[in-house]
Amino acid sequence: VCKLATRGLSTAYFNPNMMNEGKSLAEALLSAKAEGRLTVGVYECAKIMNDDPDNVSFCLLATDDFECDIALQIHFTLIQAFCFDNDISIVRVNDLKRLNALVGAKGQLEDAHCVLITNPAEDSWEDPALEKLHLFCEESRSYNEWVPEITLPER
């Protein structure tokens, strides 16, 4: 079985309100999509991170449990390192199909293995769902869970 390596405690172990984070993630993704602050795709995200890392607010890595693509895992490792070095909050989800339904165009599959949310415009309100996710990531790091996993809610 080929899975991403994880360190530390399970998210479910220390955070029984995991569905709240899933709901916050779905809300943040939909809000960012509506505002044009969403970047979808490994290569598209890498380009944004290279061109303007200070504008990246949140990173999401997604894979299905059965997926065993070594090239994708190498990309994930590099993206994780970049996020750690640039203080970008990062999480994983394990339901690529559900994520595609949230971030993709209707009826069109996207390469949603990596999704970035960029910062809102300076004159706009902060996204409360995104703030909850940043706090969740901060809490997870205090438990040595550097890339916590979030379960997206059922539709």
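The model shown is predicted, which means the values in this text are computed figures rather than measured ones.

Moving on, we get to the pairing of strand β4 (residues 114–118). Counting buried positions along β4 yields five of five residues, so the element is predominantly enclosed. Here β4 shows a buried face lined by C114, L116 and T118 and a second buried face lined by V115 and I117. Pairing of strand β1 (residues 38–40) with β4 involves three bridges; the strand directions are antiparallel. Paired with L38 across the bridge in β4 is I117.

Once that is clear, we can look at the side chain of S57. Take S57: it is sitting in strand β2 (residues 56–62). There is a polar contact of 3.1 Å between the side chain of S57 and the side chain of H134. In this structure S57 touches I88, S89, I117, T118, N119, L130 and H134, once residues within four positions along its chain are discounted.

Okay, helix α3 (residues 42–51) next. Listed in full, the buried residues belonging to α3 are V42, C45 and M49. Taken end-on, α3 shows its buried residues confined to a sector of 70°, consistent with a single buried face. For α3, the exposed residues lying more than 90 degrees away from the buried face are Y43, K47, N50 and D51. Looking at the buried positions of α3, the neighbouring elements they touch are β1, β2, α4 (70–85) and β4.

Attention now goes to the nonpolar core. One broad trend across soluble globular proteins is that nonpolar side chains are buried collectively. Counting residues in each nonpolar core, the largest one holds 26 residues, and the members touching the most others are L25, L29, L99, V103 and V115. Within the residue set of this core, elements represented by two or more residues are α2 (18–34), β1, β2, β3 (89–93), α5 (96–103), β4 and α6 (128–142). The contacts of V115, once residues within four sequence positions are left out, are L29, L38, T39, V40, C45, F58, C59, L60, L99 and V103. Membership of the second largest hydrophobic core comes to 15 residues, among which are M49, C59, F76 and V147.

According to the stated counting rule, one finds six salt bridges in the structure shown. Residue E35 pairs with R37 through a salt bridge whose shortest N-O separation is 2.6 Å. A residue is classified by how much of its surface remains accessible, and R37, at 6% relative accessible area, is buried. Each of E35, R37 and D127 takes part in a single network of salt bridges with overlapping partners.

Since the α-helix packs 3.6 residues into each turn, any two residues three or four apart lie on the same face. With 15 residues, α6 ought to run about 21 Å at 1.5 Å a step, and its terminal C-alpha atoms sit 21 Å apart, in line with that. Here α6 starts with a cap whose side-chain oxygen sits 3.0 Å from the backbone nitrogen of A129, and that cap is D127. The first or second residue beyond α6 is N144, which carries a positive phi of 60°.

Cut-offs used in this document
- Residues numbered from 1 in each chain as written.
- Predicted model: local features only at pLDDT ≥ 70, side-chain atom pairs only at ≥ 80, totals over all residues.
- Heavy atoms only, no water.
- Buried < 20%, exposed > 50% of the residue type's maximum accessible area, 1.4 Å probe, protein only.
- Helix = DSSP H or I, 4+ residues; strand = E, 2+ residues; numbered from the N terminus.
- Pairing = 2+ DSSP bridges.
- Polar contact = N/O pair within 3.5 Å; in protein donor to acceptor, adjacent residues only side chain to side chain.
- Contact = heavy atoms within 4.5 Å.
- Arc of directions from axis to C-beta.
- Core = buried A, V, L, I, M, F, W, Y, C linked by side-chain atoms within 4.5 Å.
- Salt bridge = Lys/Arg side-chain N within 4 Å of Asp/Glu carboxyl O.
- Expected span 1.5 Å × (residues − 1).

Taken by themselves, the reported measurements are silent on function.
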